[in-house]
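Chain and residue survey
Chain by chain, the residues run as shown.
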Amino acid sequence: MKKGQLSVFFALIMTVILSLILTCIEGSRISAIGMQTECVMDMGLDSAFAEYHRELLEQYDLFFIDSSYGTITPSYHYTEEHLRKYMEYNFESFQNEFGLNIKDFNRITIDDVWISEARLATDGDGEILKLQAINYMKDKIGLDFIKEIEGKLQIVEDHELDMRDIKGERSKVEEEISNTTEEMKEEYKEEYEEGWIEIDLNNPADVVNKTRNKGILNMVIKETSKLSSTVINPANYVSRRIQNKGIGFNKKPEISFSKAEDILFVEYLMEKMGNYSSQKEKGELKYQLEYLLAGKNTDIDNLKWVANRLILLREVANVTYLFSDKIKVAEAEALAGTLTAISLTPYLQPLVKNSILFAWAYAESIQDVKLLFSGGKIPLIKTKNDWHLTLTNMFDYKNHLEDTNKDGKGLNYEMYLRILLCMEDNKEQTQRCMDIMEMDIRKTEGNKNFRMDGCIDSITTNMNVSSGFGYIFYIKRSYSYS
């Protein structure tokens, strides 16, 4: 007989070793299931986000998932199904290069896939779309351009071109002339039994004022017959309908944009949208930037709004200059003195002088805008060398409007549009920008039902999986374009 201590000891040791080995194997299985689940989730999200809308990228350099996938109604359910399909594909067995069927050793099954958070292009009045557009422009444009625009806007602010109530000032002058005249009528009625004999001032300002806002496009555009006659129904587009909302987005703080970023967004609009001087070939509306500003349902009305807005901007600038030019003020004063002397109303001279200066500035503004529409340039603030109309020509200013000197110094029509866009409400512009995107993309093949409020920028996805070995895993991932 031989002693068996070693065999018993070895058997006891092997039990411990085997337990450790099996525990390590099971731990490896659990880690492998978790790692595989994470990898499949990432691959599924990569695949789903690779389905970005091609027309949005081609026309506007934006990345969004169209959650309608070419159907009539967008739905998160479609995106969830696409995610599930890609994930299930990556969990399936496959053949290797030798033709052998490789089984899924973890035997994983997807129990559920759902989106718990999602951001749409339209969320926050379109600030998600705006964020993508700004990021695109940051990679493309330099800071020098931003400084140039900021300089122009500073001139507008310093001279109150966007704040000064020039209409109110002009109306006040006209009202004072009228009230003073009425008061003098009553006074003279008491002094003379024969009554008051009214003498006409023949103020040239009255002739100019009667033409305000009457057929404005006919005065500033040479061939109005060639203007676009496009009409749209705004109710068909995103800014005028009830929009789909992102999931969980309203719980998050609003995105804050700096002044420089707002300028970058305006430059994005200038690059992607057409306008009167540079129309987008395949655009539904021909004057798209004008639509961003005015929001009217016809190209004509949008252009008319911009023309009037430009005239008002130029009128403020021209009044600012005109009242500072001593020579021109003296001309107006001399004319007012002559008119009031002839009509025996010398007390009206200061008021008539001011009314002539306001009318002169308006007539010059019409000339300015006509020059802009014909491709010329006008400085924001003029000097005596930039002034066009003489006081004599103001009497019949419509016959003296010209579109010459197109190569002069100053800003062109598109630069004035930039300034107006920077001055107006940014949120409304973003909404109208999405209107135009819908209009133009719906004209392309397979996109007749396209909606901006169905375009996903980012999602948070959740997935439950179970293994044939009795393990259940939950995983959550967030993915975003911006």
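Before any of the text, the structure's been laid out above.
Let me sum up the structure you'll find in this document. Since the structure is predicted, the reported quantities are computational estimates derived from the model, not experimental observations.

In this structure, strand S5 (residues 455-467) lies alongside strand S6 (residues 472-480), joined through nine bridges in antiparallel fashion. Opposite Ile 459, over in S6, you have Tyr 479 as the bridge partner. What sits between S5 and S6 in their antiparallel hairpin is a turn of four residues, with Gly 470 showing a positive phi close to 95 degrees.

This part is about a negative patch on the surface. Together, Glu 157, Asp 158, Glu 160 and Asp 162 line one region of the surface with negative charge. Structurally, the position occupied by Asp 158 is in helix H5 (residues 143-158).

The next thing to look at is H5. For H5, which comprises 16 residues, the first-to-last C-alpha distance of 22 Å matches the rise-based estimate of 22 Å (1.5 Å per residue) to within 8%. Those residues of H5 lying buried are Phe 145, Ile 146, Ile 149, Lys 152, Leu 153 and Val 156. Buried residues of H5, seen end-on, are gathered within an arc of 125 degrees and therefore sit on one face of the element. Residues of H5 that are exposed and point over 90 degrees away from its buried face: Leu 143, Asp 144, Lys 147 and Asp 158. Where H5 is buried, its residues touch helix H9 (259-272) and helix H15 (413-423). Phi for Glu 160, located one or two positions after H5, is positive at around 55 degrees.

Moving on, we get to the nonpolar core. With 106 residues, the main nonpolar core has Leu 56, Leu 129 and Tyr 268 as its most contacted residues. By residue number, the principal contributor to this core is helix H13 (residues 349-373), which donates 15 residues. Setting aside residues up to four positions removed in sequence, Leu 129 forms contacts with Leu 62, Phe 64, Ala 121, Phe 265, Cys 433, Met 434, Met 437 and Met 452. One finds Ile 33, Ile 65, Ile 115 and Met 463 within the second-largest nonpolar core, a separate group that totals 22 residues.

About the criteria used
- Residues numbered from 1 in each chain as written.
- Predicted model: local features only at pLDDT ≥ 70, side-chain atom pairs only at ≥ 80, totals over all residues.
- Heavy atoms only, no water.
- Pairing = 2+ DSSP bridges.
- Helix = DSSP H or I, 4+ residues; strand = E, 2+ residues; numbered from the N terminus.
- Patch = residues over 30% accessible without salt bridge, like charges linked within 9 Å, V, L, I, M, F, W, Y side chains within 5 Å.
- Areas by Shrake-Rupley, 256 points an atom, 1.4 Å probe, with all protein chains shown as cover.
- Salt bridge = Lys/Arg side-chain N within 4 Å of Asp/Glu carboxyl O.
- Lys, Arg positive; Asp, Glu negative; His and termini not counted.
- Charge placed at Lys NZ, Arg CZ, Asp CG, Glu CD.
- Expected span 1.5 Å × (residues − 1).
- Buried < 20%, exposed > 50% of the residue type's maximum accessible area, 1.4 Å probe, protein only.
- Arc of directions from axis to C-beta.
- Contact = heavy atoms within 4.5 Å.
- Core = buried A, V, L, I, M, F, W, Y, C linked by side-chain atoms within 4.5 Å.

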